[in-house]
Amino acid sequence: MSCNRHKIHFLRELIPSFECEPGCHDCCGPVTTSAEEMARLPRKAQAEQDAALERLDCVHLGPDGCTVYQERPMICRLFGTTPRLACPRGRGPQQPIDPAAEQLVHNYIASTRQVLV
């Protein structure tokens, strides 16, 4: 397992989970992610990527919400766990992410080359 895979696994464990409202996609849109996380996601055709970007949606957004929810990038996992990325529907974990853990996630994102999902 690569160093980045270990970091991703470690950081994902620090982000508290909660159940999104089924079918909701209020916080979905084009996001950036590391190449390591991108490699975990299904490849989409250029036409699908272009169409999603034109709609300002994520290419992995389906009619019932996120189609890659279990493998979604860290930035997506942060939505709803911190006041800086609050859920527009008021959902979130009972305990928000620890600010130090959030900073570690942001540091990782800033230290890796990001690609558009």
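Position numbers for residues count from 1 along each chain, tracking the sequence in the order it is written. Residue-level local features of this predicted model are given only where pLDDT is at least 70; pairs of side-chain atoms are given and counted only at 80 or more, and the full residue set underlies all totals for whole chains, interfaces and linings. To obtain the side-chain values, all non-hydrogen atoms of the structure were included, while hydrogens and water were left out.

## Thoughts on the overall build of the protein
Our working rule: Labels follow the DSSP assignment, with helices taken as runs of H or I lasting at least four residues and strands as runs of E lasting at least two, numbered in each case from the N terminus. Each radius of gyration reported is based on C-alpha atoms, and the globular scaling rule is 2.2 Å times the count of residues to the power 0.38. The contact criterion used throughout is that any non-hydrogen atoms of two residues lie within 4.5 Å. Methods summary: accessible areas were calculated by the Shrake-Rupley approach with a probe of 1.4 Å, and residue burial reflects only the protein chains presented. The convention is simple: Lys and Arg are positive, Asp and Glu are negative, and His and the chain ends are not counted. Throughout, a charge is located at the NZ atom of Lys, the CZ atom of Arg, the CG atom of Asp or the CD atom of Glu.
Looking only at helices and strands, one finds five helices and four strands in the protein. Listing each helix as α and each strand as β along the protein from the N terminus yields α-β-α-α-β-β-α-α-β. Relative to the compact-globule value of 13 Å for 117 residues, the protein shows a C-alpha radius of gyration of 14 Å, a close match. In terms of overall dimensions, the protein has C-alpha extents of about 40 × 35 × 20 Å along its principal axes. Long-range pairs, those at least 24 residues apart, make up 77% of the contacts in the protein between residues at least 6 apart in sequence. A total accessible area of about 7,400 Å² is found for the protein, and carbon and sulfur atoms account for 53% of it. The centroid of the 13 positive side-chain charges in the protein is displaced by 5 Å from the centroid of its 14 negative side-chain charges.

## Notes on the packing of helix α1 (residues 3-14) against helix α5 (residues 99-111)
This is how it is decided: To obtain an axis, a line is fitted to C-alpha atoms, over the contacting stretch when the element is a helix, and the angle between two such axes runs from 0 to 180 degrees between their N-to-C directions. Here the word oblique covers every angle except those under 35 degrees (roughly parallel), over 145 (roughly antiparallel) and from 65 to 115 (roughly perpendicular). Put simply, a crossing is left-handed when the front helix is turned counterclockwise from the back one by less than a right angle, and right-handed when it is turned clockwise. Each residue is assigned to one of three groups, with Ala, Val, Leu, Ile, Met, Phe, Trp, Tyr, Cys and Pro labelled nonpolar, Asp, Glu, Lys and Arg labelled charged, and all others, Gly among them, labelled polar.
The contact between α1 and α5 brings their axes to 10 Å, and the two run at 150°. Of the possible angle classes, the one that applies to α1 and α5 is roughly antiparallel. Where α1 crosses over α5, the two elements pack in a sense that is left-handed. Between α1, through Asn 4, Lys 7, Ile 8, Phe 10, Leu 11 and Leu 14, and α5, the contact on the second element is made entirely by Ala 101, Leu 104, Val 105 and Tyr 108. Here the contact of α1 with α5 is composed, by residue class, of eight nonpolar, one polar and one charged.

## Thoughts on the pattern of salt bridges
Using the following cut-off: When a carboxyl oxygen of Asp or Glu is within 4 Å of a side-chain nitrogen of Lys or Arg, the pair counts as a salt bridge. Each residue's exposure class comes from its accessible area (1.4 Å probe, protein chains only) as a fraction of the maximum for that residue type: buried when under 20%, exposed when over 50%, partly exposed otherwise.
The full count for this structure, using the stated rule, is eight salt bridges. A salt bridge links Glu 71 to Arg 12, with the shortest nitrogen-to-oxygen separation between them at 3.4 Å. With a gap of 59 residues between them, Glu 71 in the loop between β3 (65-66) and α4 (74-78) and Arg 12 in helix α1 connect regions that are remote in the sequence. The residue Glu 102 makes a salt bridge to Arg 84 at a minimum N-O spacing of 3.2 Å. Highlighted residues: Glu 102 in helix α5 and Arg 84 in the loop between α4 and α5, separated in sequence by 18 residues. Overall, Arg 84 belongs to the exposed group, its relative accessible area being 58%. Salt bridges sharing partners connect three or more residues here, namely Arg 12, Glu 37, Arg 40 and Glu 71.

## Regarding α5
Counted only if it meets this: A helix's residues, less one, multiplied by 1.5 Å, set its expected span. The arc in question is formed by the directions pointing from the helix axis toward the C-beta atoms. Whenever two N or O atoms come within 3.5 Å, that pair is a polar contact, provided that in protein one can donate a hydrogen and the other can accept it, and provided that, for residues adjacent in sequence, both atoms are side-chain atoms.
The end-to-end C-alpha distance of α5 is 18 Å, a good match for the 18 Å that 13 residues give at a rise of 1.5 Å each. For α5, the full list of buried residues reads Ala 101, Glu 102, Val 105, Tyr 108 and Ile 109. Buried positions in α5, seen along its axis, are confined to an arc of 120° and lie on one side of it. Residues of α5 that are exposed and point over 90 degrees away from its buried face: Pro 99, Ala 110 and Ser 111. Of the surrounding elements, those touching the buried residues of α5 are α1, β1 (32-34), α2 (35-38), α4 and β4 (114-116). Put simply, Asp 98 is the residue that caps the front of α5, since its side-chain oxygen is 2.9 Å from the backbone nitrogen of Ala 100.

## Quick notes on unusual backbone geometry
Glycine aside, residues mostly have negative phi, and peptide bonds are mostly found in the trans state. The backbone of Leu 56 shows a phi angle near 60°, a positive value even though the residue is not glycine. With respect to the element layout, Leu 56 can be found in the loop between α3 (46-55) and β2 (61-62).

By themselves, these figures tell us nothing about what the structure is for.
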